[in-house]
8 protein chains.
Amino acid sequence: MDSKSLKDILNKVAQGEITADEAVNHIKIQPYVDLGYAKADTHRSLRQGVCEVIYGQGKTAEQICSIVNTLMDNGEKTVLITRLDREKAEIIGGEIHIIYDEISRTAVAGEKPDITGKGKIVVACAGTSDLYCAEEAAITAEALGNEVVRLYDVGVAGIHRLMDKTDIIMQAKAIVAVAGMEGALASVIGGLASCPVIAVPTSVGYGASFGGLSALLAMLNSCASNVSVVNIDNGFSAGYIASIINHQE
Amino acid sequence: MDSKSLKDILNKVAQGEITADEAVNHIKIQPYVDLGYAKADTHRSLRQGVCEVIYGQGKTAEQICSIVNTLMDNGEKTVLITRLDREKAEIIGGEIHIIYDEISRTAVAGEKPDITGKGKIVVACAGTSDLYCAEEAAITAEALGNEVVRLYDVGVAGIHRLMDKTDIIMQAKAIVAVAGMEGALASVIGGLASCPVIAVPTSVGYGASFGGLSALLAMLNSCASNVSVVNIDNGFSAGYIASIINHQE
Amino acid sequence: MDSKSLKDILNKVAQGEITADEAVNHIKIQPYVDLGYAKADTHRSLRQGVCEVIYGQGKTAEQICSIVNTLMDNGEKTVLITRLDREKAEIIGGEIHIIYDEISRTAVAGEKPDITGKGKIVVACAGTSDLYCAEEAAITAEALGNEVVRLYDVGVAGIHRLMDKTDIIMQAKAIVAVAGMEGALASVIGGLASCPVIAVPTSVGYGASFGGLSALLAMLNSCASNVSVVNIDNGFSAGYIASIINHQE
Amino acid sequence: MDSKSLKDILNKVAQGEITADEAVNHIKIQPYVDLGYAKADTHRSLRQGVCEVIYGQGKTAEQICSIVNTLMDNGEKTVLITRLDREKAEIIGGEIHIIYDEISRTAVAGEKPDITGKGKIVVACAGTSDLYCAEEAAITAEALGNEVVRLYDVGVAGIHRLMDKTDIIMQAKAIVAVAGMEGALASVIGGLASCPVIAVPTSVGYGASFGGLSALLAMLNSCASNVSVVNIDNGFSAGYIASIINHQE
Amino acid sequence: MDSKSLKDILNKVAQGEITADEAVNHIKIQPYVDLGYAKADTHRSLRQGVCEVIYGQGKTAEQICSIVNTLMDNGEKTVLITRLDREKAEIIGGEIHIIYDEISRTAVAGEKPDITGKGKIVVACAGTSDLYCAEEAAITAEALGNEVVRLYDVGVAGIHRLMDKTDIIMQAKAIVAVAGMEGALASVIGGLASCPVIAVPTSVGYGASFGGLSALLAMLNSCASNVSVVNIDNGFSAGYIASIINHQE
Amino acid sequence: MDSKSLKDILNKVAQGEITADEAVNHIKIQPYVDLGYAKADTHRSLRQGVCEVIYGQGKTAEQICSIVNTLMDNGEKTVLITRLDREKAEIIGGEIHIIYDEISRTAVAGEKPDITGKGKIVVACAGTSDLYCAEEAAITAEALGNEVVRLYDVGVAGIHRLMDKTDIIMQAKAIVAVAGMEGALASVIGGLASCPVIAVPTSVGYGASFGGLSALLAMLNSCASNVSVVNIDNGFSAGYIASIINHQE
Amino acid sequence: MDSKSLKDILNKVAQGEITADEAVNHIKIQPYVDLGYAKADTHRSLRQGVCEVIYGQGKTAEQICSIVNTLMDNGEKTVLITRLDREKAEIIGGEIHIIYDEISRTAVAGEKPDITGKGKIVVACAGTSDLYCAEEAAITAEALGNEVVRLYDVGVAGIHRLMDKTDIIMQAKAIVAVAGMEGALASVIGGLASCPVIAVPTSVGYGASFGGLSALLAMLNSCASNVSVVNIDNGFSAGYIASIINHQE
Amino acid sequence: MDSKSLKDILNKVAQGEITADEAVNHIKIQPYVDLGYAKADTHRSLRQGVCEVIYGQGKTAEQICSIVNTLMDNGEKTVLITRLDREKAEIIGGEIHIIYDEISRTAVAGEKPDITGKGKIVVACAGTSDLYCAEEAAITAEALGNEVVRLYDVGVAGIHRLMDKTDIIMQAKAIVAVAGMEGALASVIGGLASCPVIAVPTSVGYGASFGGLSALLAMLNSCASNVSVVNIDNGFSAGYIASIINHQE
């Protein structure tokens, strides 16, 4: 249930189509549906303004199907599933129509949403090995109704590739900067951009990258003041935050 | 030089008051003024849409005065100085009119700006010992033209205090959540809010807080998807990012 | 041998059924039985007031069977086996009657004990992926004679789910709070509860969760004073300590 | 306001001395008193069953005096102040009667409470350099109405000193084990005791003690199952938890 | 070539059986034999007083065979091979007579040496899961000519088991203390013993044991002054050092 | 009380000068003298074969004087005091005759002992900045009756300085290798020596030396098998262990 | 395109064979070729003076083939492929002529280059288990036109093996020092050499080597001033830097 | 004694001015002069091709004077002293002519050397707070006979400042890149340059910069292959290595 659905209900109340009590029942009585193994929070789209997302890891294909169905029965049009490996995706795809992306291990169930964001979200990444995470961010942002511009393979050791894209960077409403190893991309983009930059360290690298710790620390220490950081490999949150910013009224 | 000043120049061109070449000279020839010890970047407000900020630590009072004067001579109306200890503030205050806040160690030179942000920014913190950092965020946001609502002493171990403020949290355009120790405030607020939450870990605590590392890690691992994180004690960046979000058109 | 068995022996002495020397022999001569690969400590239930527990990891199914039999021959009625994978459980189940729980990888041999605890122990966890650890705590507490109330999927990003259960939390004699990622659950529950809260960080998460370190640090820094912490994934010790508290006279 | 005060109010209702509404006003209307810089939570003793405690660090002597007075005006008989340095203690002592302990940097305002705990709490520490933390735990437990037995200088490298005290350890209702360096004391006491052991790592040591990290990790890895751990140098929480356990009915 | 072999050569010189120059050729010309992939150091037994040891990990079975043969051709009577997995051991055993121990993954080629150490070496460990490392130390010490007393399963949480062995500990010439988790065994034994204690942390444990780091730090911080530490799981060096101490003249 | 004093008592028993019961009283009744703030363990020299040592840090000059006097009244001839700063040393020196070394911050009270060790102990260090720790080891070893050879400023970056001293290294009974920064000295000396090498990392260095962690890890990973390690800056334990080895019979 | 090719073009301009505009088109218009999944940077050899290198990990065999062909079509004569596992190497070898080295997992496509370096590059490593990394450095240097001298198995615990090679070390133009565990090799070689030493820590070791961290820290703390460090296991960069130094004019 | 002095001696031999034996005496007999507290290595300039450098920290002003005099008496013309605080510099300056730089805390004694390096060394740093370290590198390089170009305040968040200097970067023979916080400068410069880049992380920053660890890790993970790294704040080694590269023949 999103804000618009809620206003519809309230309008019906205003127009006498349903009573206030009936409205309350629609809204408040079942803030979440208890599925036993997980409380599907059907109110969250109201509280947070977005469609529901399912974190696929650690859930069985059956559990995911059940949650998707419950959400759609409660009015969601689009459900995003993240961290979904291929085996589960195939099982789920046998029951529900989903579009699965293997690189980012995400799936979208239901209709592709209209573009409701006000501007463009840029998703940039340093190298081809960061694609899994950049695509998670990009697909998340698209599933939440945003137009996404992808800038891939613009690592700072070939700074001219990035400089060529200055226009795109300066016009973005929000930018997701994905990088492993030394994570310098976020700072350079942060210095070029006037919008918020959400930095995502990746676990790509070896040796002293320590599973993404190196990029994480570098991004946290960015000398560009418009950079904030999410967890290592957390492309989803980055795309999600970019979408909220792009939908601010 | 901010976007508006730039448009003024361009309008003068359009109206034949100055030639295009003269305009270019105004804009491009001197992207930064070289003061010897630091290049004052008079173009950044154009590129990033905000007034200039000076990081006070490691600069002498004389250097700070010089930079402030250069910036104001180039048209800045408000200059924010962060990490400024009392001794330097007193020296600077003898030469330039500043408003100094001792808790957050910030000073504002020039006029207080009009409120140009579209909504309210909430700055929340867990305890009185986090005030230094929360105020840095709040004063930064105010210096950048935002209305700020302060929610202080709403730590999660007394969760009812926070729950009393749910309305304020749900109506914010951006929230800065400041906490040391276990850093749980960001997650709880993230779950209640529909806007982006910028989390600031503080170095408050002892023992296994390891100078803010504990809060930092907790915030990076937040189960709320709208939370991103800046460096330990970096109230400035949090207020800055919140301001950009609150000014998105 | 538990305290009650010891008193029985002493009563027999008091009633002249056995001599003091015979009693001493029963009690002191064989404080532990040497099985070669591990000294089964048949006196620990006397010293620590609980039935015996076997840490299954690193022991063969044969060794575990042998220890269980030795303990039961010495009078234990219930033996709990933790960290027992399915393969070993099936081998052991072929020789001894056990009840095996696959999620928590625990087994109980012998009779299910009477409920001897004075009140209720609450086991709470943040998400479905923490179940393995929460169930280890819950089954341990049950095996030690306690009534357990399970509060699962009450993570802090959906704080209203937790607030709905305030009554249950306030009436508990001891609470086990299980959480990975940011580990904030312990602090929020600690603030609501008047009994001791034993926090268990789990290794659930990715990136900067660093195998549970993030949750561990957050819990150690809890601003709620009634929270103490056990090792990452150590549901057993948490359930064990909760049981001791619930049995205090 | 503690549970007993609450029952008194409810009894007055039952006996017609005050109306239910008046009772509600007493209890619910002012869950906390807003002092501006800190919300003094006058309800916490109801929710958590103990008198109020003030964390002195980061507060001025004036703020502490104000909070103490507010609490006592709301009916608290004893207020414990921790992390209070000598300078502030002298200022506060000029206004309010307090008993100050310099080693642990704690002060007690108001009356010394009656002993209401059911048994004895043992506070053990490894060396004289751990006294500051052990005394914080001991004074806390005493301020909360417990009889405390101190076992100091019983480090594991002189194990016979500890073994001499086995009787005291076995009869305790709760034990606080304080140790720096290798932190082994908690495990050895845990093995001897049948009650919960709250371990407190101290920052005592040098080199690879890393400010208490070494002792913290050792205690978290204790092979004794009745050991839980609080933050480095957090004697207060340990004494507090021991007190709750010793007051369980 | 060990010291005795060297003296034999020198005696032959003294008795005119070979010339000094011939002796020098025997001794100095070929300080190591180049096998291409590894220089087998046939002089080390002279410089360090012990027979040769081969670190098996990362070498093929064929390489190990070749090195063993080279060493034996140069006069070694006993060769110890460590970190040797079962597959390689079986291949080697097909060519050379070895005694293989699967728990410690060590093999001994050649004759079992006479006991030349002056006293007894005690190898103690905390639990059955530490056996792999304790046996590596014990077999190493035996291969180097020492009598070894094994004290296994004497963890500190059951301190009476260890106290029962005080006599053995007090009479040792050198002690190897092997423990994972909290690593407290080294300190307790150090306090009871008058000889050097070589502590070996093991990687046994989970969660906050961090692969042996916890035990390592605890042992380095031992309050017993006769404790020194070797690398995690390095039973070999511990047995080796104990042997040198036991052979000091 | 050392082994010899004990034998004297037992001889008196054998010769009828005192009864067995009187002897027992001498020996066992008072295993430690309770000074209130610290139990002076007058039995340790019996159990561990060396004179008593006082860790000066955290003790007042008065406490140290009192402990020294107690120990000497019980028959100790030499007492070593470590980690003693100059101020305390001057106070103590006013009451008791001590020899104070400012570099290592150690003092020796009582007579300088006879040399009872069988061979020479070598103390080597890498640079002049490591002297404080090397001297702590050397003075400790001398106070325990050993002849000490000092090899200072033999860092591995000037390997020829160290190679010049090969003879001294090869003839030592035990070697203490003190180094900060990369800690390589221990491995190189370990490869040259046939006796045990006790490595002491120092906190000397900056940046990535992390207070001695770098040297500590390097020493623990030494490829020389005769190297064991003590805590950062723990020259005392190294000298102590070297002395035990040099006194092995 | 390397510097020489560029000069050829410029010479043609000078000799009127092509126009300046045609030259510019050759050089600047296509600074990189967009292959979709990765921008093959055909200009880098101009900017950095070396042939192209492909980091094989995370790329499919097909992608690698495509990049190699693109580069060669643009004039590269030699292409080095690193981190290439055997399976991919076999697929690639089916399409393009490569020389594959399994130990270092590197392949060279195209012609072996002439030796253009001015002197010799020494690659030294401590043990046979470091060969994989040393060979990556050596083959890289050879592929870039250098003569390489290999000094393998010269670990510091057998310092005489290294001292035998002092001449070779003193005559090198650049040295790559590869070592795991305590990483001391870099310091010792640094002290003997007059040229730059590029140190490569390897992940070889166990326990407290922490995947190469121990060697990394040791090398960063080297007391030899001519030592700089690259990432753990990064033999490629070390060989690459050594080659640049050996080609300096 | 540098290579040239040595050749002079050898030429004198060739010309019969001195005998070979006399030459040997000059060269080999006194490889270092023993000053008691430190062996001044008068041969190192021969072995490593540079003048002598004294690490001032931990040495007294008197010791430094003595070493400088010894070196100059043995023929050094220039002596560089690093890590020299102002107090000592003033004392030394009273006895020997030195040029002291307070920002970098370095002093140069003797003549300023001729420029013997073949090209230019660029020293770049990110911000004014990194100057102390950049100047240490620059002054070192100048003292060793190099021409140095300083590029200060070229941090990556204002990338256009750095891009303006591309020509200077591309023409350098060696570059020292100094940066704290996220350390991204090294990668960006590495990508632009064709010469070796020696990266120096600084301890500048706060919070998650962890004293330079963040910049250190970022630099080690640089995606530019020509970057190697020295210790945090080690400007000296960076300048020293750059000088060796610039002097390669």
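Keep in mind the model is a prediction, meaning the values are calculated, not measured.

Reading the values: the criteria
Residues numbered from 1 in each chain as written. Chains lettered and ligands numbered in written order. Predicted model: local features only at pLDDT ≥ 70, side-chain atom pairs only at ≥ 80, totals over all residues. Heavy atoms only, no water. Salt bridge = Lys/Arg side-chain N within 4 Å of Asp/Glu carboxyl O. Buried < 20%, exposed > 50% of the residue type's maximum accessible area, 1.4 Å probe, protein only. Phe/Tyr/Trp six-rings, centres within 6.5 Å; stacked < 30°, edge-to-face > 60°. Helix = DSSP H or I, 4+ residues; strand = E, 2+ residues; numbered from the N terminus. Lys NZ or Arg CZ within 6 Å of the ring centre and 35° of its normal. Pairing = 2+ DSSP bridges. Right-handed = clockwise from strand over helix to strand, strands pointing away. Least-squares fit on C-alpha atoms with pLDDT ≥ 70 in both. Contact = heavy atoms within 4.5 Å. Buried area = accessible area lost by both parts, 1.4 Å probe. Axes fitted to C-alpha atoms, helices over the stretch in contact; angles between N-to-C directions. Arc of directions from axis to C-beta.

### Describing the pattern of salt bridges
One side chain can pair with another of opposite charge once the charged atoms of both are near each other. Evaluated as defined, the whole model comprises 48 salt bridges over all chains. When the shortest N-O distance is used, the salt bridge between E:Asp153 and E:Arg161 registers 3.4 Å. No difference in accessibility class separates E:Asp153 from E:Arg161, as the two residues are buried. Among the charged side chains, a network of salt bridges with common partners joins A:Arg86, A:Glu90 and A:Glu102.

### Concerning the packing of aromatic side chains
The description of an aromatic ring pair rests on the distance of the ring centres and on the angle between the ring planes. In the structure shown here, the tally under the stated rule is ten aromatic pairs over all chains. Ring geometry for C:Tyr55 versus E:Tyr206: centroids 6.5 Å apart, planes at 20 degrees, classification stacked. Linking C:Tyr55 in strand 3 (residues 53-55) with E:Tyr206 in the loop between strand 10 (197-201) and helix 10 (213-220), this pair reaches from one chain into another. On the basis of relative accessibility, which here comes to 18%, the residue E:Tyr206 falls in the buried class. One Lys or Arg, B:Arg83, reaches over the ring of H:Tyr206 and ends 4.1 Å from the middle of that ring.

### A short note on the pairing of strand 10 (residues 197-201) of chain A
Residues and elements named next belong to chain A. Of all the five residues making up strand 10, five are buried; the element is thus mostly covered by neighbouring parts of the structure. Side chains Val197, Ala199 and Pro201 project from strand 10 onto one buried face, and the interleaved Ile198 and Val200 project onto a second face that is buried too. The pairing of strand 9 (residues 174-179) with strand 10 spans five bridges and is parallel. Counted as the bridge partner of Ile175 is Val197 from strand 10. Chirality of the crossover, the property in question, places the unit of strand 9, helix 9 (residues 185-192) and strand 10 among those that are right-handed. Pairing of strand 10 with strand 11 (residues 227-229) involves three bridges; the strand directions are parallel.

### Some points on the relation of the copies chain C and chain B
The operation relating the pair of chain copies consists of a rotation about an axis and a translation along that axis. Superposing chain C onto chain B requires a rotation of 180 degrees together with a translation of 0.0 Å along the rotation axis, leaving an RMSD of 0.0 Å. What the rotation and shift describe, once combined, is the action of a two-fold rotation axis. Among all C-alpha atoms of chain C, that of C:Ala184 lies closest to the rotation axis, at 2.5 Å. Both copies present the same face, since 100% of the interface residues in chain C are matched by interface residues at the equivalent positions in chain B.

### Quick look at unusual backbone geometry
A positive phi is found at C:Asp233, a non-glycine position, where the angle reads about 70 degrees. Mapping C:Asp233 onto the fold places it in the loop between strand 11 (227-229) and helix 11 (235-247). Using a relative accessible area of 14% as the deciding quantity, one classes C:Asp233 as buried. Even without being a glycine, D:Arg105 presents a positive backbone phi close to 55 degrees. Relative to the assigned elements, D:Arg105 resides in the loop between strand 5 (98-101) and strand 6 (106-110). Under the relative-accessibility criterion, D:Arg105 is labelled partly exposed at 32%.

### A look at the relation of the copies chain E and chain F
Structural alignment of chain E on chain F gives an RMSD of 0.0 Å, achieved by rotating through 180 degrees and translating 0.0 Å along the axis. Mapped onto chain F, 97% of the interface residues of chain E are again interface residues, and the two copies thus contact each other with one and the same surface.

### A short note on the interface of chain E and chain F
Interfaces are frequently sized by the accessible area removed from exposure as the parts join. Contacts between the two partners involve 31 residues from chain E and, on the opposite side, 30 residues from chain F. For the pair chain E and chain F, the summed buried surface comes to about 2800 Å²; carbon and sulfur atoms form 52% of the total. Counting the contacts that link chain E with chain F gives zero salt bridges. Elements with a contribution of two residues or more to the side of chain E that touches chain F: helix 3 (44-48), helix 9 (185-192), helix 10, strand 11 (227-229) and helix 11 (235-247) of chain E.

### Examining the sheet that holds strand 5 (residues 98-101) of chain C
Think of a sheet as strands paired side by side through backbone hydrogen bonds, with each pair either parallel or antiparallel. Residues and elements named next belong to chain C. An order of 3-4-6-5 is seen for the four strands of this open sheet, with the pairing classed as mixed. In this open sheet, the two edge strands, each paired with only one partner strand, are strand 3 and strand 5. Sheet twist, expressed as the mean angle between neighbouring strand axes with direction ignored, is 15 degrees. The pairing of strand 3 with strand 4 (residues 78-82) spans three bridges and is classified as parallel. Within the sheet, the bridge partner assigned to Val53 lies in strand 4 and is Leu80. Where helix 6 (residues 131-143) meets the sheet, it contacts strand 4, strand 5 and strand 6 (106-110), and its direction lies at approximately 170 degrees from that of strand 4.

### Brief notes about the side chain of H:Ser237
With respect to the secondary-structure elements, H:Ser237 resides in helix 11 (residues 235-247). Since its relative accessible area comes to 4%, H:Ser237 is described here as buried. The residues contacting H:Ser237, other than those within four sequence positions of it, are G:Ser225 and H:Val230.

### With respect to helix 5 (residues 86-93) of chain G
Residue and element names in this part refer to chain G. Where helix 5 is concerned, the buried positions are Lys88, Ala89 and Ile92. The buried residues of helix 5 occupy an angular sector of 105 degrees when the element is viewed end-on, so they sit on one face. Counted as exposed and oriented over 90 degrees from the buried face of helix 5: Glu87 and Glu90. Buried positions along helix 5 lie against helix 4 (61-73) and strand 5 (98-101).

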